[in-house]
Amino acid sequence: AQVYNGMRIYFKDANYPGAEQWMTVQIFEEVLHAEDFINFIQEIGGELPSIGAIAETKCEYDSMLDVFEHGLEHEFYISDSIKACLEQAIEDKNYAAENFLRGYIDEQLEEEDHFRTQVETLREIGDNKSALYKYDEYLGTRSGNLTSPNGAVFAFYTGSVSYTHLRAHETPEH
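Because the structure is predicted, anything quoted here is derived from the model rather than measured. (Residues numbered from 1 in each chain as written. Predicted model: local features only at pLDDT ≥ 70, side-chain atom pairs only at ≥ 80, totals over all residues. Heavy atoms only, no water.)

Considering the overall build of the protein
Secondary structure assignment for the protein yields 5 helices and 3 strands. Reading the protein from its N terminus to its C terminus gives the helix and strand order α-α-α-α-α-β-β-β. Looking at the protein as a whole, 36% of its 174 residues qualify as buried. (Helix = DSSP H or I, 4+ residues; strand = E, 2+ residues; numbered from the N terminus. Buried < 20%, exposed > 50% of the residue type's maximum accessible area, 1.4 Å probe, protein only.)

Things to note about the environment of isoleucine 78
With respect to the helices and strands, the residue isoleucine 78 is situated in helix 3 (residues 64–91). Sequence separation between isoleucine 78 and glutamate 111 is 33 residues, and the spatial gap between their C-alpha atoms is 9.8 Å.

A closer look at the nonpolar core
Core analysis: the largest hydrophobic core is formed by 21 residues, its most contacted members being Phe11, Met23, Met64 and Phe68. At the level of elements, helix 1 (2–13), helix 2 (17–43), helix 3, helix 4 (95–125) and helix 5 (129–139) are the ones that each hand at least two residues to this core. Grouped together as the second largest cluster of nonpolar side chains are 8 residues, Phe40, Ala89, Ala97 and Phe100 included. (Core = buried A, V, L, I, M, F, W, Y, C linked by side-chain atoms within 4.5 Å.)

Notes on helix 1
The end-to-end C-alpha separation of helix 1 is 17 Å, in line with the 16 Å expected for 12 residues at 1.5 Å each. Considered for burial, the residues of helix 1 that qualify are Tyr4, Gly6, Met7, Arg8, Tyr10 and Phe11. The inward-facing, buried residues of helix 1 abut helix 2, helix 3 and helix 4. Positive phi appears at asparagine 15, one or two residues downstream of helix 1, with a value of about 60 degrees. (Expected span 1.5 Å × (residues − 1). Contact = heavy atoms within 4.5 Å.)

Details of the pattern of salt bridges
Per the stated rule, a full pass over the model turns up 7 salt bridges. For glutamate 29, the salt bridge is made with arginine 142, and the minimal N-O distance between the two is 3.3 Å. Placement of the pair is glutamate 29 in helix 2 and arginine 142 in the loop between helix 5 and strand 1 (146–147), with a sequence separation of 113 residues. Glutamate 29 gets classed as buried once you look at its relative accessible area, which sits at 8%. (Salt bridge = Lys/Arg side-chain N within 4 Å of Asp/Glu carboxyl O.)

A look at the packing of aromatic side chains
The relation between two aromatic rings is expressed through the spacing of the ring centres and the mutual angle of the planes. Enumeration according to the criterion identifies 14 aromatic pairs in this entry. On the basis of an interplanar angle of 80 degrees and a centroid distance of 6.4 Å, the ring pair of phenylalanine 11 and tyrosine 16 is categorised as edge-to-face. Of the aromatic side chains, those joined through ring pairs into one cluster are Tyr4, Tyr10, Phe11, Tyr16, Trp22, Tyr61, Phe68, Phe115 and Tyr133. In this structure, lysine 58 packs its charged tip against the face of tyrosine 61, placed 4.9 Å from the ring centre. Cation over ring: arginine 142 sits above tryptophan 22, and NZ or CZ is 4.2 Å from the ring centre. (Phe/Tyr/Trp six-rings, centres within 6.5 Å; stacked < 30°, edge-to-face > 60°. Lys NZ or Arg CZ within 6 Å of the ring centre and 35° of its normal.)

Concerning the environment of asparagine 15
Position of asparagine 15 relative to the elements: it lies in the loop between helix 1 and helix 2. Judged by its relative accessible area of 55%, asparagine 15 is exposed. Note: C-alpha distance between asparagine 15 and aspartate 136 (121 residues apart in sequence) is 9.7 Å.

Details of the packing of helix 1 against helix 3
Between helix 1 and helix 3, whose axes approach to 11 Å, the crossing angle comes to 175 degrees. Classified by the angle between their axes, helix 1 and helix 3 sit roughly antiparallel to one another. Residues Val3, Tyr4, Met7, Tyr10 and Phe11 of helix 1 lie in contact with helix 3, whose contacting residues are Met64, Val67, Phe68, His70, Gly71, His74 and Glu75. By residue class, the composition of the contact of helix 1 with helix 3 is 8 nonpolar, 3 polar and 1 charged. (Axes fitted to C-alpha atoms, helices over the stretch in contact; angles between N-to-C directions. Parallel < 35°, antiparallel > 145°, perpendicular 65-115°, else oblique. Nonpolar A, V, L, I, M, F, W, Y, C, P; charged D, E, K, R; others polar.)

Spelled out as structure tokens, the structure:
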């Protein structure tokens, strides 16, 4: 989420409100995923690792395309990290962790696809400023309820955000 917050700051500074909105949703999605991992570890009686120092966040990019290219690379890194955890879970015969992580393997395919789509579209747009600003408007339409592969929910209601962790058989109360 911290990486994407730096990207959001770039979009805000560069006056791309649509891309800023898109990245804001991405930030909340990543926080949702982190909370899902924390809840899973606690539910199985695991010990949460301490959080080390947070590296400086990059906020300067060359263009909207540059941001999304860096975002795609970051998603590849996250995918590789989850795959390594899954391989360890399989080796340890930790079936609960294996099931949990498989949901995130599928989720990462979607994450990579979201960023890949932006990169491909922005490459097509090239230097066409009019098309870029129109695409920025389109990016601003990203919103809604976010659900993790394991049942955690972020809900966006008229500009406010709430987080709740629901089991599969529960429904959110409004």
